[in-house]
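The residues making up each chain are set out below.
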Amino acid sequence: MKRRQQGILTGMPFMAHVSSRSFVDDAGRRIYLAKTPSRIISLAPSVTEMLFAIGAGAQVVGVTQFCDYPPEATQRAKLGYGNPNIETLVALQPDLIVAPQEFLKPDLIGKLEQLKIPVFILADRMVEDVFSHIQTFGRMLDLSTEATALGMDLRQQIARIKTRTQGAAPVRVLYVLNSEPLITVGPGSYIDQLIGLAGGINVAVKSATAYPRLSMEVVLQENPDILLFPVGTAEGISESEQQAWRKWSTLTAVKRNNLRQIPADLLNRPGPRIGKALELLADLFHPSATSLPSENH
Amino acid sequence: MQNSQEVRAQWHRTGAMLTRRRWSLVLTGLLFASAAVLVLCSQFGAVSVQLADVLAALWHVLTTGSLDASSLGTGGVIFLQVRLPRILMGFLVGGALAAVGVTLQALLRNPLADPYVLGVSSGAALGASLAMLLGIGTTVLLLPLLPLFGFIGGLFALMLIYRLAQSQGRLPIHSLLLAGVILNAILTALIMFITSIMEPNRSAGLMAWLMGSLIAPGYPALAVIVIYVAFVSAVLMHKAQVLNVLTQGEETAQSLGIDTERVKKQLYVLTALVTGAVVSVSGMIGFVGMVVPHAVRMMIGSDHRLLLPASAMVGGMFLVVSDTIARTIFAPAEIPVGIVTALAGGPFFLYLLLWRKDRMI
């Protein structure tokens, strides 16, 4: 519900053309860009990925310490994540900062507004928002053609995966964000959407929150076919923590040895690697359906 | 009026009216109440389990002697492997926290004392945070490293506080409290530092753990905890009379021939060992150790021979009930039990502070 309003604002191109250089971000703030930004700071790994993907990598001057994709991104100046150093930030002389709302402190936004540095805030970060954000970045940076092409490509990838998983029997999935206490993803989260798109059923579907501490009793009752563990260098669930799940031997996932791993950064970042993420998920959920003609593309 | 208050104060201070009959009456009552709470709370859960399933699973366990999950059925597994061990764990943790609270309040002669005041719990939490930061999830001798790190952190904090507070072979209470407060602040800052440099998803997991969460341990692990808590309880009970004297002041205790420094050291080490162990398996669960002893003292007086076991049982019941709320109120999701205990215990403590000042030691 909350997202609809924003979808109207960024999804309708004619609104942005009221003034061609003014943009409304997800927080409803209007920013005006007198010229095309050439020194951009990205305060989220997903934003960095989107900027590089539409060919604006050269304009990116600052990133977070978690921005490791594409590899060139690691060459940029590093600012903190939730708590970027404001002096380093100003010293980079950015003409645009793109930041996710969830880790941005209000006083920082105030300070940047005071310094007349435009900040574009991303609040909603679901699957549809990936497309609208890529579009917006394209318009901001005069890379609309590239952004549109990327958007089309991603939509095609998603459509391919949808057709691939359409006929297959749904697979019940538990995504383990944290083992003890058990934290998973619920409706309203990006990863829950990805699981659905890849033909999976999230066992935490009845949860009221996006990142619930799920009761183990519910897990046993809902009986997932697959336990999905995010893995990575700075994040994810360790091997021994995964193995500890084998004690729940009544779970179908354990019986069938369906303890699966997926790179955490692919799922955690609503960005241009969404197609790749969905493909990996679909491979895990429906291994028999992998060798369809679409793979040869 | 004045006279009756004096008598009452005297009664509260010494528990002079403790008779063998009252002792066994109160403890038997609490034992039954505890059993009732355990049975009652085991009826609530995120999933409703049929009584028939439970009985069938119990019968299966009794006849085959095996807890093998694959033959218990889902209802049986949920009840026997998830809910029951967690409830028992809650009872043990709550009991241990309350017993430690009683001991520390007597030792420090400070109503605010609880297992958290000496910084031992922060030390344990820091150790566990470090384990998570380093991504250590491996096991050593079948023991998960996280509790082990927590335990080591707690011990380390204790040794540090000892060195800080000790002067000329003595442990003055005010320097102990002061050192505890300072150490707490430093350790908390270090925990915050760790969460701030962690990848956001993982720091969320750590925060959730720190907020206090009871997990369902396997029965072997539960047995270890039972033995541990039973041992500590026995030692504390053995010292109950000494605690009675210590609450009168160290001079009094010394004049009665008690080696106060030695007793104090023994008890501090003991409470730290319990706190470290409890924090390392359940995170930071506040207020049980502070509020429960006060409530129990108001009802049955402050003779530690009765206060100690009674508080342990009430603490166990309190945590089991709190955890039942935590795991069912937003089912299928759970909330950290530390939030429930603080929200229930905090206002109660304020009530004590504002209206019952005369009854606090």
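These figures come from a predicted structure and were not determined experimentally.

Caption draft 1: Layout of the interface of chain A and chain B. On the chain B side, the residues contacting the 29 residues of chain A number 34 residues. Interface area for chain A against chain B, summed over the two sides, is near 2500 Å², with a carbon-plus-sulfur share of 63%. Measuring nitrogen to oxygen at the nearest pair gives 3.7 Å for the salt bridge that ties Arg327(B) to Glu217(A). Listing elements by their share of the side of chain A that touches chain B, those giving two or more residues are strand 10 (213-214) and helix 9 (216-222) of chain A. Counted by class, the side of chain A that touches chain B contains 13 nonpolar, 10 polar and six charged residues. Sheet analysis places strand 10 of chain A next to strand 3 (residues 333-334) of chain B, joined by two bridges and oriented antiparallel. Within strand 3 of chain B, the position partnered with Arg213(A) by the bridge is Glu334(B).

Caption draft 2: Seen up close, the side chain of Ser46(A). Residue and element names in this part refer to chain A. Its place among the elements puts Ser 46 in helix 3 (residues 45-53). Take Ser 46: its relative accessible area is 2%, and that puts it in the buried class. Among residues more than four places away in sequence, those in contact with Ser 46 are Arg 125, Arg 269, Pro 270, Gly 271 and Pro 272.

Caption draft 3: Representation of the pattern of salt bridges. Tallied over the full model, the rule gives 19 salt bridges over all chains. Here Glu128(A) and Arg155(A) are joined by a salt bridge, their closest N and O atoms 3.6 Å apart. With a gap of 27 residues between them, Glu128(A) in helix 6 (residues 127-140) and Arg155(A) in helix 7 (residues 144-166) connect regions that are remote in the sequence. In this structure, the salt-bridge partner of Arg305(B) is Asp303(B), at a minimum N-O distance of 2.5 Å.

Caption draft 4: Structural detail: the packing of helix 3 (residues 51-64) of chain B against helix 4 (residues 73-108) of chain B. Residue and element names in this part refer to chain B. Put simply, helix 3 and helix 4 touch, their axes get as near as 8 Å, and they point 75° apart. The orientation of helix 3 relative to helix 4 falls into the category roughly perpendicular. Here Asp 53, Val 54, Ala 57, Leu 58 and Val 61 of helix 3 lie close against helix 4, whose contacting residues are Gly 75, Gly 76, Phe 79 and Leu 80. Looking at the contact of helix 3 with helix 4 residue by residue, the classes come out as six nonpolar, two polar and one charged.

Caption draft 5: Local environment of the pairing of strand 11 (residues 226-231) of chain A. Residue and element names in this part refer to chain A. Extensive coverage of strand 11 is indicated by the burial of five of its six residues. Judged from the three bridges that link them, strand 8 (residues 171-175) and strand 11 form a sheet pairing that is parallel. By the bridge assignment for strand 11, Val 173 is matched with Ile 226. Note that strand 11 and strand 12 (residues 259-263) share five bridges and pair parallel. Bridging from a neighbouring strand, Leu 227 pairs with Leu 259 of strand 12.

Caption draft 6: Representation of the environment of Ala310(B) within the structure. Residues and elements named next belong to chain B. Inspection of the secondary structure puts Ala 310 in helix 14 (residues 304-328). Judged by its relative accessible area of 1%, Ala 310 is buried. For the pair Ala 310 and Ser 196, spaced 114 residues apart in sequence, the C-alpha separation works out to 41 Å. Those residues in contact with Ala 310 that lie beyond four places of it in its chain are Leu 27, Leu 30, Val 296 and Ile 300.

Caption draft 7: Examining the packing of helix 5 (residues 120-133) of chain B against helix 8 (residues 200-210) of chain B more closely. All names here are of chain B. Contact pair helix 5 / helix 8: the axes reach a minimum separation of 11 Å and the direction vectors enclose 155°. Viewed along their axes, helix 5 and helix 8 adopt a mutual orientation that is roughly antiparallel. Between helix 5 and helix 8 lies a crossing of right-handed hand. When helix 5 is examined against helix 8, the residues Ala 125, Ala 128, Ser 129, Met 132 and Leu 133 are found in contact with a partner set consisting of Arg 202, Leu 206, Trp 209 and Leu 210. Grouping the amino acids of the contact of helix 5 with helix 8 by side-chain chemistry returns seven nonpolar, one polar and one charged.

Caption draft 8: Seen up close, the confidence of the model for chain A. Overall, the predicted model of chain A reaches an average pLDDT of 85, with 89% of residues at or above 70. Across residues 1-7 of chain A the pLDDT falls below 50, and counting only partners more than four positions away or on other chains, this stretch makes 11 contacts in the model.

Caption draft 9: Representation of helix 8 of chain B in the model. Residues and elements named next belong to chain B. Of all 11 residues in helix 8, eight are buried, a share of seventy percent or more. Residues Pro 200, Arg 202, Ser 203, Gly 205, Leu 206, Ala 208, Trp 209 and Leu 210 constitute the buried set of helix 8. Within two residues after helix 8, Gly 212 carries a phi angle of roughly 95°, on the positive side.

Caption draft 10: Local environment of the pairing of strand 7 (residues 119-122) of chain A. Residues and elements named next belong to chain A. Along strand 7, one buried face is formed by Val 119 and Ile 121 and the opposite face, lined by Phe 120 and Leu 122, is buried too. Here strand 6 (residues 96-100) pairs with strand 7 via four bridges, running parallel. Note on strand 7: the bridge partner recorded for Val 98 is Phe 120.

Caption draft 11: Focus on the sheet that holds strand 4 (residues 60-64) of chain A. Residue and element names in this part refer to chain A. Read from one edge to the other, the open sheet built from five strands follows the order 5-4-3-6-7, with strand pairing classed as parallel. Taken across any chain shown, the strands that pair with only one partner, and hence form the sheet edges, are strand 5 (77-79) and strand 7. Geometrically, the sheet is characterised by an average inter-axis angle of 20° between neighbouring strands, direction not taken into account. Contacts from helix 6 reach strand 6 and strand 7, with the element oriented near 165° to strand 7.

Caption draft 12: Looking closely at the sheet that holds strand 11 of chain A. All names here are of chain A. Ordered by their spatial adjacency, four strands build an open sheet running 9-8-11-12, and the pairing between neighbours is parallel. Edge positions in the sheet fall to strand 9 (200-202) and strand 12, since each of these pairs with one other strand and no more. Pairs of neighbouring strands in the sheet enclose a mean axial angle of 40°, with direction left out of account. Here helix 8 (residues 190-197) sits on the sheet and contacts strand 8 and strand 9; the angle it forms with strand 9, its principal contact strand, is near 145°.

Caption draft 13: Highlighting a nonpolar patch on the surface. Nonpolar side chains collect at one region of the surface, where Leu178(B), Val181(B), Ile182(B), Ile186(B) and Leu190(B) lie side by side and expose about 460 Å² of accessible area between them. As for its placement among the helices and strands, Leu190(B) is situated in helix 7 (residues 173-197).

Caption draft 14: Quick peek at helix 8 of chain A. All names here are of chain A. Across the eight residues that make up helix 8, a large majority, six, are buried. Listed as buried for helix 8 are Tyr 190, Ile 191, Asp 192, Leu 194, Ile 195 and Leu 197. Residues of helix 8 that are buried make contact with helix 6, helix 7, strand 8, strand 9, helix 12 (264-268) and helix 13 (274-285). Just beyond helix 8, the residue with positive phi is Gly 199, at close to 85°.

Rules used in this analysis
Residues numbered from 1 in each chain as written. Chains lettered and ligands numbered in written order. Predicted model: local features only at pLDDT ≥ 70, side-chain atom pairs only at ≥ 80, totals over all residues. Heavy atoms only, no water. Contact = heavy atoms within 4.5 Å. Buried area = accessible area lost by both parts, 1.4 Å probe. Salt bridge = Lys/Arg side-chain N within 4 Å of Asp/Glu carboxyl O. Helix = DSSP H or I, 4+ residues; strand = E, 2+ residues; numbered from the N terminus. Nonpolar A, V, L, I, M, F, W, Y, C, P; charged D, E, K, R; others polar. Pairing = 2+ DSSP bridges. Buried < 20%, exposed > 50% of the residue type's maximum accessible area, 1.4 Å probe, protein only. Axes fitted to C-alpha atoms, helices over the stretch in contact; angles between N-to-C directions. Parallel < 35°, antiparallel > 145°, perpendicular 65-115°, else oblique. Left-handed = near helix turned anticlockwise from the far one by under 90°. pLDDT = per-residue confidence, 0-100. Patch = residues over 30% accessible without salt bridge, like charges linked within 9 Å, V, L, I, M, F, W, Y side chains within 5 Å. Areas by Shrake-Rupley, 256 points an atom, 1.4 Å probe, with all protein chains shown as cover.

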